[in-house]
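One-letter residues, chain by chain:
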Amino acid sequence: MILAPLPAINVPIIWVLGGPGSGKGTQCDRIVAKYGFTHLSSGDLLRAEVASGSSRGKELNAIMERGELVPLEVVLDLLREAILKALPTSKGFLIDGYPREKEQGILFEQTIAPVNLILFFDASDDTLVERLLGRAKTSGRVDDNEETIKKRLHTFNTHNEHVIQQYPEKLRKIHAERDPDVIFAEVSSLLDPLVS
């Protein structure tokens, strides 16, 4: 499928990576509040598409119910549509939890736009397990149990390593086991030059 070229995207595009429980959501909320960026999560876009009841949403629901991975192109299409929709008013884009695999990153840059910066919130598996088990006490999420958490972390670590090796010059590793205010000060120091 050949996609029409996107209009020039003259605002920053930032990929936000980090294992489950690394604090990505907290930092994304702060970035949106300070910089007015548009926060796009591939997971949220998929869930919204399924909830819409569209024919694409029904297909996605069937794929996810079978426990299969959603095709790269579908996730890319959803991101592309969301970026196009928000482009007239957005000051920048935070693409949260994407790319999950090296191929996704390559396709994104070929069909949407180059990424300006990659923020990787890095925390040890022990810290992430502890945080997620703590969250499980209040979240009610079925995937917040120790066995599932360890599987999710293994999957994340396996694929993420390939992603971060692909972009050494754009990647900024942020130690995510510190106070959220300290982390955000570092994030701001990286984003300020992009928006000035």
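Just so it is clear, the model here is predicted, and its values are computed rather than measured.

Asker: Which parts of the structure should I look at to understand the pairing of strand E4 (residues 117–122)?
Answerer: Side-chain positions along a regular strand alternate between the two faces of the sheet. Burial analysis of E4 places five of its six residues in the buried class, which makes it a mostly covered element. Pairing geometry for strand E1 (residues 13–18) and E4, over five bridges, is parallel. Within the sheet, the bridge partner assigned to Trp 15 lies in E4 and is Ile 118. Sheet analysis places E4 next to strand E5 (residues 171–175), joined by five bridges and oriented parallel. Note that in E5 the partner of Phe 121 across the bridge is Ile 174.

Asker: What should I look at first to understand the sheet that holds strand E2 (residues 38–41) in this one?
Answerer: The pairing of strands in a sheet happens through backbone hydrogen bonds and is either parallel or antiparallel. Pairing in this open sheet of five strands is parallel, and the strands run E2-E3-E1-E4-E5 from one edge to the other. Only two strands of the sheet have a single partner each, and these edge strands are E2 and E5. Across this sheet, the average inter-strand angle for adjacent strands is 25°, counted without regard to direction. With four bridges connecting them, E2 and strand E3 (residues 93–96) associate as parallel partners. Across the sheet, residue Leu 40 finds its bridge partner in E3, namely Ile 95. In the packing of helix H2 (residues 42–52) onto the sheet, the strands contacted are E2 and E3, and the crossing angle to E2 comes to about 70°.

Asker: What exactly am I supposed to notice about the nonpolar core here?
Answerer: Side chains of a nonpolar character, in soluble globular proteins, are inclined to be buried together. Counting 37 residues, the largest nonpolar core has Ile 9, Ile 13, Trp 15, Phe 93, Ile 95 and Phe 108 as its most contacted members. Of all elements in the fold, only E1, H2, helix H3 (55–65), helix H4 (72–86), E3, helix H5 (102–111), E4 and helix H7 (146–166) reach the threshold of two or more residues within this core. In this structure, Phe 93 is in contact with Val 11, Pro 12, Ile 13, Ile 14, Phe 37, Thr 38, Leu 40, Ile 83, Ala 86 and Leu 87, ignoring residues within four places of it in sequence. Judged by nonpolar contacts, the second largest core, of 22 residues, contains Ile 14, Val 129, Leu 132 and Ile 174.

Asker: Explain the environment of Glu 169 here, please?
Answerer: Tracing the sequence through the fold places Glu 169 in the loop between H7 and E5. For Glu 169, a relative accessible area of 52% puts it in the exposed group.

Asker: Explain H2 to me, please; I cannot follow it from the model alone.
Answerer: Because each turn of an α-helix spans 3.6 residues, side chains separated by three or four positions end up pointing in the same direction. Among the residues of H2, those classed as buried are Ser 42, Gly 43, Leu 45, Leu 46 and Glu 49. With its buried residues spanning 165° around the axis, H2 presents them on a single face. Residues of H2 that are exposed and point more than 90 degrees away from the buried face comprise Arg 47 and Ala 51. Packing partners of the buried residues in H2 comprise E2, H3, H4 and E3. Of the residues one or two after H2, Gly 53 is the one with positive phi, at around 75°.

Asker: Can you help me understand the packing of aromatic side chains in this one?
Answerer: Aromatic ring pairs are reported here in terms of the distance separating the ring centres and the angle at which the planes meet. Counting across every chain of the model gives five aromatic pairs. Between Trp 15 and Tyr 167, the aromatic rings sit 5.2 Å apart at their centres with planes inclined by 85°, giving edge-to-face as the arrangement. Residue Trp 15 is located in strand E1, and its partner Tyr 167 is located in the loop between H7 and E5; the two are separated by 152 residues in the primary sequence. We classify Trp 15 as buried; its relative accessible area is 0%.

Calculation criteria
- Residues numbered from 1 in each chain as written.
- Predicted model: local features only at pLDDT ≥ 70, side-chain atom pairs only at ≥ 80, totals over all residues.
- Heavy atoms only, no water.
- Buried < 20%, exposed > 50% of the residue type's maximum accessible area, 1.4 Å probe, protein only.
- Helix = DSSP H or I, 4+ residues; strand = E, 2+ residues; numbered from the N terminus.
- Pairing = 2+ DSSP bridges.
- Axes fitted to C-alpha atoms, helices over the stretch in contact; angles between N-to-C directions.
- Contact = heavy atoms within 4.5 Å.
- Core = buried A, V, L, I, M, F, W, Y, C linked by side-chain atoms within 4.5 Å.
- Arc of directions from axis to C-beta.
- Phe/Tyr/Trp six-rings, centres within 6.5 Å; stacked < 30°, edge-to-face > 60°.

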